[in-house]
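Tertiary structure, described
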Amino acid sequence: MLRDLPTVRGAILYESLKGGNVRCGLCERRCLIHPGERGFCQTRLNIEGRLYTLVYGAISALESRPIEIKPFFHFYPGSSALTFSTWSCNLTCPWCQNWHLSRKAPETKEARYITPEGMVALAREHGDQGLCVSFQEPTLLFEYALDVFKLGREYKLYGCFVSNGYLTLDALKMLKEAGMGAINIDIKGDEELYRVYLKGAKEEVIWRNAQAAKEMGLHVEMIHLIVTGLNDKKDKIERLIKKHLGTLGPETPLHFTRYFPAYDYHQQPTSIGIMEFAYETARDAGIYYPYLGNIPGHRYENTYCPSCGTLLIERSGYQIRGKWLKGKQCPRCQRELETIV
Ligand code: SF4
């Protein structure tokens, strides 16, 4: 029976309705799921009026990776995290850079089951300092992430998510309580982009969650993929920067990443000029820690002191090449950096 598989477990966040229907409460799609059917993301199945996840510990990819590659630049810099994922997604980006994982429904035979104990043991064997759910939307591994983070905390392993930010506040709160210390949230663009390309998802949910995550005490970094012909106009970038500042304040890092053609979207890679425009506009607007990504060796991958401009951390291709911070302080003007954990 399906329910006997180790990767099939009772879902935690849902509401039972009349007629055996259920309402999933894991992400803000809040799918109404009839008996025998699955939700939008294909990872949740209604079996006889109860909701099940089909991907508990069903691991599609697994690798120890530098935390900078997520990217997190202000959370345990220089550490490595055992990073893992499952299949599928709750959004539908035609330009998805990880489509080989996110566009697959979960039945795939390529998945292997790893217990939470096994995952934590692997992290310790590899010498990692943390655990990170990434590559595809980590919200879909919710029940498993709770168990892995709780166990990881006992061994002082940090937990983090690299997410599209479309989870519910209930899910976010439970992850925080289980030991998640940081979330990197991908803000894709404005309301129109979410409506047109992401099947009616809502931009405001992402900002709401980023703000709530900060208020809960999570470390937050934002990422914005600038996609040619989609969100690479100057007025759209200026609007996003304003929204970031107004919602999350100047101390929250904002990463602009360069797009390359992938999956179902084949425009040219983002121009370097527009990437630099984004960085400089963010910096001049008052964001302390803007960054560029996917342009290895660019000077805007580095961390500079927001007060005196001194180079504090030099990076190339997500590797730290040099570090001049004294603890959390700038060696020149003694300013303390707010968000280096
Ligand atoms: S996680 Fe989101 S997309 Fe998937 S079933 Fe639940 S509400 Fe629907």
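Nothing here was measured: the structure is a model prediction, and the numbers come from that model.

Cut-offs used in this document
- Residues numbered from 1 in each chain as written.
- Predicted model: local features only at pLDDT ≥ 70, side-chain atom pairs only at ≥ 80, totals over all residues.
- Heavy atoms only, no water.
- Pairing = 2+ DSSP bridges.
- Helix = DSSP H or I, 4+ residues; strand = E, 2+ residues; numbered from the N terminus.
- Buried < 20%, exposed > 50% of the residue type's maximum accessible area, 1.4 Å probe, protein only.
- Core = buried A, V, L, I, M, F, W, Y, C linked by side-chain atoms within 4.5 Å.
- Domains from an automatic or database assignment.
- Salt bridge = Lys/Arg side-chain N within 4 Å of Asp/Glu carboxyl O.
- Polar contact = N/O pair within 3.5 Å; in protein donor to acceptor, adjacent residues only side chain to side chain.
- Contact = heavy atoms within 4.5 Å.
- Near = heavy atom within 4 Å.
- Nonpolar A, V, L, I, M, F, W, Y, C, P; charged D, E, K, R; others polar.
- Axes fitted to C-alpha atoms, helices over the stretch in contact; angles between N-to-C directions.
- Parallel < 35°, antiparallel > 145°, perpendicular 65-115°, else oblique.
- Buried area = accessible area lost by both parts, 1.4 Å probe.

Turning to the sheet that holds strand S5 (residues 44-47), a few remarks are in order. One open sheet accounts for 3 strands, arranged S1-S6-S5; its pairing is antiparallel. Among the strands making up the open sheet, the edge pair consists of strand S1 (9-10) and S5. Summarising the sheet, S5 and strand S6 (residues 50-53) pair through 4 bridges and their orientation is antiparallel. Paired with Ile47 across the bridge in S6 is Arg50.

Lys70 connects to Pro71 through a cis peptide bond whose omega is 0°. You can see Pro71 is positioned in the loop between strand S8 (61-66) and strand S9 (80-85). Its identity is not glycine, yet Ser88 carries a phi of approximately 80°, on the positive side. Within the secondary structure, Ser88 is located in the loop between S9 and helix H1 (99-102). Backbone geometry at Lys156 places phi at a positive 60°, although glycine is not the residue there. One can find Lys156 in the loop between helix H3 (142-154) and strand S12 (158-163). Owing to a relative accessible area of 75%, Lys156 belongs among the exposed residues under this scheme.

It is worth spelling out the nonpolar core at this point. Trp95, Leu131 and Phe256 are the most contacted members of the largest nonpolar core, which has 78 residues in total. With 7 residues, H3 is the single largest residue contributor to this core. Residues from two domains meet in this core; each of domain 1 (2-53) and domain 2 (58-300) gives at least three.

One open sheet holds the 3 strands; their spatial order is S17-S18-S19, and the pairing between them is antiparallel. Edge positions in the open sheet fall to strand S17 (303-304) and strand S19 (319-323), since each of these has one partner strand only. Two elements, strand S18 (residues 311-316) and S19, share 4 bridges in a ladder whose sense is antiparallel. Paired with Glu314 across the strands is Gly322, a residue of S19.

Quick look at the pattern of salt bridges now. In total, this model carries 14 salt bridges according to the counting rule given. Between Asp190 and Lys236 there is a salt bridge, and its shortest N-O distance comes to 2.9 Å. Separated by 46 residues along the polypeptide, Asp190 in the loop between strand S13 (180-186) and helix H5 (191-197) and Lys236 in helix H7 (residues 234-248) bring together distant segments of the chain. A cluster of three or more residues bridged by salt bridges with shared partners is formed by Glu28, Arg30 and Arg208.

What follows deals with the side chain of Asn46. Tracing the backbone shows Asn46 in strand S5. Only 2.8 Å separates the side chain of Asn46 from the backbone oxygen of Gly20, close enough to count as a polar contact. For Asn46, the contacting residues outside a window of four places in its chain are Gly20, Asn21, Val22, Ile33, His34, Pro35, Gly36, Glu37 and Leu51.

Cys24, Cys27, Arg30, Cys31 and Cys41 are the nearest of the 13 residues found near the ligand. Taken together, the residues of the shell around the ligand break down into 8 nonpolar, 2 polar and 3 charged.

A few words now on the side chain of Asn209. Considering the arrangement of structural elements, one finds Asn209 in helix H6 (residues 203-215). When residues no more than four places from it in sequence are discounted, the contact partners of Asn209 are Gly165, Tyr166, Leu167, Leu169, Leu172 and Ile185.

With that out of the way, let us pick up the packing of H3 against helix H4 (residues 169-178). Contact pair H3 / H4: the axes reach a minimum separation of 8 Å and the direction vectors enclose 25°. Between H3 and H4, the interaxial angle falls into the category roughly parallel. Judged by residue contacts, Phe142, Ala145, Leu146, Phe149, Lys150 and Arg153 of H3 engage Ala171, Met174, Leu175, Glu177 and Ala178 from H4. A per-class count over the contact of H3 with H4 returns 8 nonpolar, no polar and 3 charged.

So, about the domain arrangement of the protein chain. Here the protein chain is partitioned into domain 1 (2-53) and domain 2 (58-300). Just the C-alpha atoms count here: the centres of domain 1 and domain 2 sit 25 Å apart. Listed by partner, the interface residues are 20 residues for domain 1 and 28 residues for domain 2. Between domain 1 and domain 2 the total buried area reaches about 1800 Å² when both faces are included, carbon and sulfur atoms providing 63% of it. By the criterion of area lost to domain 2, the three top residues of domain 1 are Leu26, Glu28 and Arg29, representing 31% of everything that side buries.

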